Amino acid sequence: MSATSPARIRKAVIPAAGLGTRHFPGSHAVMKELFPVVGKDGICRALLHYHLIELEAAGIDEVCIIVQPGDDATIRDYFKGPSDTYLKRLEKYPQLLAEARSMRDWADRLTFRVQTTQEGFGHAVYQTSDFAAGQPVLLCLGDHLFRGSPESPHAQLTRVAAETGATKTVSAVNRIAPHELKGYGTIAGRRRADRPELIDVDLIIEKPAIDLAREKLRVDGLGNDEFLGWFGMHVLAPSIYDILAKMIRDNTRDGGEFQLTRAQELQRQAEGYLALEIKGGQRFDFGIPDDFVSALQAFRHS
């Protein structure tokens, strides 16, 4: 499918409205999504910065960041970069000077939506309904980073979503072990014979118990205690916003919050749902302090 196809995924959403409680007091000084991370090239960037680099490389034109009140100004200030006086100091470091200039390009291209109350992941995503404007969007977790070879997970997922017409939600999944089930939405489904990495999803359960997963969350081609769980990015078909709107209107909550996974399961029941098993992809979780420390090293040297 050509890059000019109407099905090309052009928009991305990054949630960054969490309170960062588990990183307190560090998150009181700097919002979690702006924590410093050193890349393979030795440049120290904000965590969020890497998302934009990967999204641009995957062909995304517009990015919307979900934030708490006031954090939009903080993020804009970061991407505006240093003053002209400081830029002069960077002239002795050409690579860093080029980085500062590229940051300024992003400053005017970002869109923000504010989640004024913490009412769950689904509630956060719903704030971007007007940004989506009836188009599919690539949703990436803001406190994770992703890398792949030879193709990034972002590019894999958006390409497959476009090739399938972008009429159904396509979620990236990867293999997880029993002890990881408590952290991820997990699927059951059937692999397509002509394309086994693409799965028609039969069931989605958020953070299932091991016995339930063994009974109901099976996908052919996996070991006895292997499962397919959320990788951390989804191309959401536009109907997800109608489902979330109804959940909010009806006050349909799980654990006191509006959960995206419930909306995804309702979407599957109504129109079908696809999952893509990511090949050669890595996910780096920066969500809690211990994971942050290990992810820093893994991301730097991956």
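Residues numbered from 1 in each chain as written. Predicted model: local features only at pLDDT ≥ 70, side-chain atom pairs only at ≥ 80, totals over all residues. Heavy atoms only, no water.

- The name recorded for the protein chain in an unreviewed UniProt entry is UTP--glucose-1-phosphate uridylyltransferase, from Nibricoccus aquaticus.
- Under the Sequence similarities (unreviewed entry) heading, UniProt states for the protein chain: "Belongs to the UDPGP type 2 family."
- Quoted verbatim from the Catalytic activity (unreviewed entry) field of the UniProt record, the comment on the protein chain reads "alpha-D-glucose 1-phosphate + UTP + H(+) = UDP-alpha-D-glucose + diphosphate". (UniProt positions renumbered as here; feature names shortened; annotations may be inferred.)

1. What about the side chain of Asp-200?
Line of reasoning, step 1. Mapped onto the secondary structure, Asp-200 falls in strand E10 (residues 195-206).
Line of reasoning, step 2. A relative accessible area of 18% means that Asp-200 is categorised as buried.
Line of reasoning, step 3. Reaching out from Asp-200, the side chain makes a polar contact with the side chain of Arg-192 at a distance of 3.0 Å.
Line of reasoning, step 4. Leave out the neighbours within four places in its chain, and Asp-200 touches Ala-188, Gly-189, Arg-190, Arg-192, Tyr-273 and Leu-274. (Helix = DSSP H or I, 4+ residues; strand = E, 2+ residues; numbered from the N terminus. Buried < 20%, exposed > 50% of the residue type's maximum accessible area, 1.4 Å probe, protein only. Polar contact = N/O pair within 3.5 Å; in protein donor to acceptor, adjacent residues only side chain to side chain. Contact = heavy atoms within 4.5 Å.)

2. Describing the environment of His-301
Line of reasoning, step 1. Positionally, His-301 belongs in helix H12 (residues 289-301).
Line of reasoning, step 2. Exposure remark for His-301: the relative accessible area of 59% places this residue in the exposed category.

3. Section: the state of the cysteines
Line of reasoning, step 1. This structure, assessed with the given rule, holds zero disulfides.
Line of reasoning, step 2. Free of any disulfide, Cys-64 has its nearest neighbouring cysteine sulfur in Cys-140, separated by 13 Å. (Disulfide = S-S within 2.5 Å.)

4. Some points on the pairing of E10
Line of reasoning, step 1. In terms of strand pairing, strand E9 (residues 185-192) meets E10 through eight bridges, oriented antiparallel. When the bridges of E10 are listed, Arg-190 appears paired with Asp-200.
Line of reasoning, step 2. Counted along the chain from E9 to the antiparallel partner E10, the turn is two residues long.
Line of reasoning, step 3. In terms of strand pairing, E10 meets strand E12 (residues 274-277) through three bridges, oriented antiparallel. From the neighbouring strand, Asp-200 faces E12, where its bridge partner is Leu-274. (Pairing = 2+ DSSP bridges.)

5. Quick notes on the environment of Ala-58
Line of reasoning, step 1. With respect to the helices and strands, the residue Ala-58 is situated in the loop between helix H2 (47-57) and strand E4 (62-67).
Line of reasoning, step 2. In this structure the C-alpha to C-alpha distance between Ala-58 and Gly-280, which are 222 residues apart in sequence, comes to 16 Å.
Line of reasoning, step 3. Ignoring any residue separated from it by four or fewer positions in sequence, one finds Ala-58 in contact with His-154, Ala-155 and Thr-158.

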